[in-house]
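# Examining the three-dimensional arrangement
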Amino acid sequence: MIRDWICDELTRRYNVQALRMDTSEIVRKLEPLTGVGPRGRKADVVLIDAYLEVLTHRHPEAAAAEDQWYEDAADDAVFNRGPLGHVLDAIRAL
């Protein structure tokens, strides 16, 4: 229960941070975490999820890339890498 509260609070704080950042700043923060999938270190996963939420709301291309990852995630290797690489590639293509 405490762990869930901590994750929720971190998510809220990361969302506030990301909303204040422009897209290029978010991308710079996320680039070192490319390859961290859903089973990665919890603090990294929370940050990635919060920042991706902001990116996918700002850019339909990012949302489409995340959707594509969900479709491709039936492959274990794709799932383990997480959606970050797909989303960052879509943002860089803008």
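Read on for a plain summary of the structure. Since the model is a prediction, treat every value here as computed from it, not as a measurement.

### Concerning the pattern of salt bridges
- Under the criterion given, the structure shown has 5 salt bridges.
- Notably, a salt bridge pairs R41 with D44, separated by 3.0 Å at the nearest N-O pair.
- Close ionic contact of D89 with R92 constitutes a salt bridge, the shortest N to O distance being 3.1 Å. A residue pair is termed a helical-turn pair when its members lie 3 or 4 positions apart in one helix, as D89 and R92 do in helix α6 (residues 84-92) at 3 residues.
- You can call R92 partly exposed: its relative accessible area is 45%.
- Linked through salt bridges whose partners overlap, the residues forming this network are E9, R12 and R13.

### Considerations on the packing of aromatic side chains
- Following the criterion strictly, the structure yields 3 aromatic pairs and no others.
- Centre to centre, the rings of Y14 and Y51 are 6.2 Å apart; their planes meet at 90°, and the pair counts as edge-to-face. One end of the pair, Y14, is in helix α1 (residues 2-20); the other, Y51, is in helix α3 (residues 42-58), and 37 residues separate them in sequence.
- Ring geometry for W69 versus F79: centroids 5.9 Å apart, planes at 20°, classification stacked. A residue pair is termed long-range when its members are at least 10 positions apart, and W69 in helix α4 (residues 60-72) and F79 in helix α5 (residues 76-81) qualify at 10 residues.
- Judged by relative accessible area, W69 falls into the buried class, the value being 3%.
- Overall, the relative accessible area of 24% leaves F79 in the partly exposed class.
- Of the aromatic side chains, those joined through ring pairs into one cluster are W69, Y70 and F79.

### Let's talk about the packing of α1 against α3
- Running from N to C, α1 and α3 point in directions that differ by 40°, and their axes come no closer than 9 Å. The angle between α1 and α3 falls in the class oblique. Crossing geometry of α1 relative to α3 is assigned as right-handed. Across the interface between the two elements, R3, C7, L10, T11, Y14, N15, Q17, A18 and L19 of α1 pack against K42, A43, V46, L47, A50, Y51, E53, V54 and R58 of α3.
- Broken down by class, the residue content of the contact of α1 with α3 amounts to 11 nonpolar, 3 polar and 4 charged.

About the cut-offs
Residues numbered from 1 in each chain as written. Predicted model: local features only at pLDDT ≥ 70, side-chain atom pairs only at ≥ 80, totals over all residues. Heavy atoms only, no water. Salt bridge = Lys/Arg side-chain N within 4 Å of Asp/Glu carboxyl O. Helix = DSSP H or I, 4+ residues; strand = E, 2+ residues; numbered from the N terminus. Buried < 20%, exposed > 50% of the residue type's maximum accessible area, 1.4 Å probe, protein only. Phe/Tyr/Trp six-rings, centres within 6.5 Å; stacked < 30°, edge-to-face > 60°. Axes fitted to C-alpha atoms, helices over the stretch in contact; angles between N-to-C directions. Parallel < 35°, antiparallel > 145°, perpendicular 65-115°, else oblique. Left-handed = near helix turned anticlockwise from the far one by under 90°. Contact = heavy atoms within 4.5 Å. Nonpolar A, V, L, I, M, F, W, Y, C, P; charged D, E, K, R; others polar.

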